Amino acid sequence: MAAQWLTPDERRAWLALYALTSLLPASLDAHLFREARITLFDYHVLAMLSESEGTRLPMSELAARSTASLSRLSHVVKKLEGRGWVTRLPSDSDGRVTTASLTPAGLGMLAELAVSHVSQVRSLVFDSLDGRDVADLERVGRKILRGMDSAHWILSDGEAAAEGAVAGGVAPSAGSREPLPALHQAHDAGQ
């Protein structure tokens, strides 16, 4: 089988994407660790709980929303339980299912931390982009994600509204959900 080498344009795009996917998580991790001694993954788990109904999710759904294995998630939830931010309980509807629930202390910590985290995300990602860039970033990100995991929850979360808005050249409506809505919702929930 002959290699299908990247074109010069594809190579430049790939190297930019590779650098971005390496540097951005590391920078956000470092910021969150300085602020609260947590990782970006820890923050994302807490954020997914904060935006769920009743601030709780079955562990399997939380794993899907965190793009993690159940074993990795279990380890992180245990750590967050130790800090008093999360509890694990049997599901009210099915005792065989374990749910993770954000505690009031966890929600309070997240609400305070979200302000700083959003500022960091804005500074690193969005301050240098205009509205079309943001729409393009979402469109391209969803397209790549769809090729990797067509059932990913982000793709079913407001996809029609987002793609219609992108096709029309405008930013998604306020009614569509962003990939990480807890970046702004956690702060609002704490007020």
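Residues numbered from 1 in each chain as written. Predicted model: local features only at pLDDT ≥ 70, side-chain atom pairs only at ≥ 80, totals over all residues. Heavy atoms only, no water.

Draft legend 1. Structural view of the overall build of the chain. Across its full length, the chain holds nine helices and three strands. Each helix and strand of the chain, ordered N terminal to C terminal, gives the series α-α-β-α-α-β-β-α-α-α-α-α. Counting across all 191 residues of the chain, residues that qualify as buried make up 34%. Contacts in the chain between residues at least 24 apart in sequence constitute 55% of all its contacts with a sequence separation of at least 6. (Helix = DSSP H or I, 4+ residues; strand = E, 2+ residues; numbered from the N terminus. Buried < 20%, exposed > 50% of the residue type's maximum accessible area, 1.4 Å probe, protein only. Contact = heavy atoms within 4.5 Å.)

Draft legend 2. Examining the pattern of salt bridges more closely. Taken as a whole and assessed by the stated rule, the structure comprises eight salt bridges. Linking arginine 12 and aspartate 9 is a salt bridge whose minimum nitrogen-to-oxygen distance equals 2.2 Å. Linking arginine 12 with aspartate 9, this pair stays in helix H1 (residues 8–36), spanning three residues, or about one helical turn. Just as arginine 12 is exposed, aspartate 9 falls in that class too. Put simply, arginine 56 and aspartate 92 hold a salt bridge, and the shortest N to O gap is 3.5 Å. (Salt bridge = Lys/Arg side-chain N within 4 Å of Asp/Glu carboxyl O.)

Draft legend 3. Geometry of the packing of H1 against helix H5 (residues 104–126). Running from N to C, H1 and H5 point in directions that differ by 145°, and their axes come no closer than 11 Å. When you trace H1 past H5, the crossing you get is right-handed. Contacts from Leu24, Ser27, Leu28, His31, Leu32, Glu35 and Ala36 in H1 reach Met109, Leu113, Ser116, His117, Gln120, Val121, Leu124 and Val125 in H5. Here the residues of the contact of H1 with H5 sort into nine nonpolar, five polar and one charged. (Axes fitted to C-alpha atoms, helices over the stretch in contact; angles between N-to-C directions. Left-handed = near helix turned anticlockwise from the far one by under 90°. Nonpolar A, V, L, I, M, F, W, Y, C, P; charged D, E, K, R; others polar.)

Draft legend 4. Expanded view of H5. Its maximal kink placed at alanine 114, H5 deviates by approximately 35°. Those residues of H5 not exposed but buried are Gly106, Leu107, Met109, Leu110, Ala111, Leu113, Ala114, Ser116, His117, Gln120, Val121 and Val125. (Bend = angle between axes of the 7 residues up to and from the residue.)

Draft legend 5. The arrangement of the sheet that holds strand S1 (residues 56–58) in detail. On the basis of which strands lie adjacent, the open sheet formed by three strands has the order S1-S3-S2 and antiparallel pairing. Since the sheet does not close on itself, it has two edges, and those belong to S1 and strand S2 (86–90), each with one partner. Within the sheet, the average angular offset between the axes of one strand and its neighbour, ignoring direction, is 25°. Those strands touched by helix H2 (residues 40–50) are S1, S2 and strand S3 (98–102), and its axis lies near 90° from that of S3. (Pairing = 2+ DSSP bridges.)

Draft legend 6. How the structure looks around unusual backbone geometry. Even without being glycine, arginine 37 reaches a positive phi, approximately 60°. Within the secondary structure, arginine 37 sits in the loop between H1 and H2. The class for arginine 37 is exposed, based on a relative accessible area of 51%. Notably, threonine 55 is not glycine yet its phi reads approximately 50°, a positive angle. Relative to the helices and strands, threonine 55 is located in the loop between H2 and S1.

Draft legend 7. A look at the nonpolar core. Grouped together as the largest cluster of nonpolar side chains are 32 residues, with contacts concentrated most on Ile38, Tyr43, Val45, Leu46, Leu62 and Val86. Secondary-structure elements contributing two or more residues to this core are H1, H2, helix H3 (59–65), helix H4 (70–82), S3, H5 and helix H7 (153–156). Per-element accounting of this core gives the leading share, seven residues, to H2. (Core = buried A, V, L, I, M, F, W, Y, C linked by side-chain atoms within 4.5 Å.)

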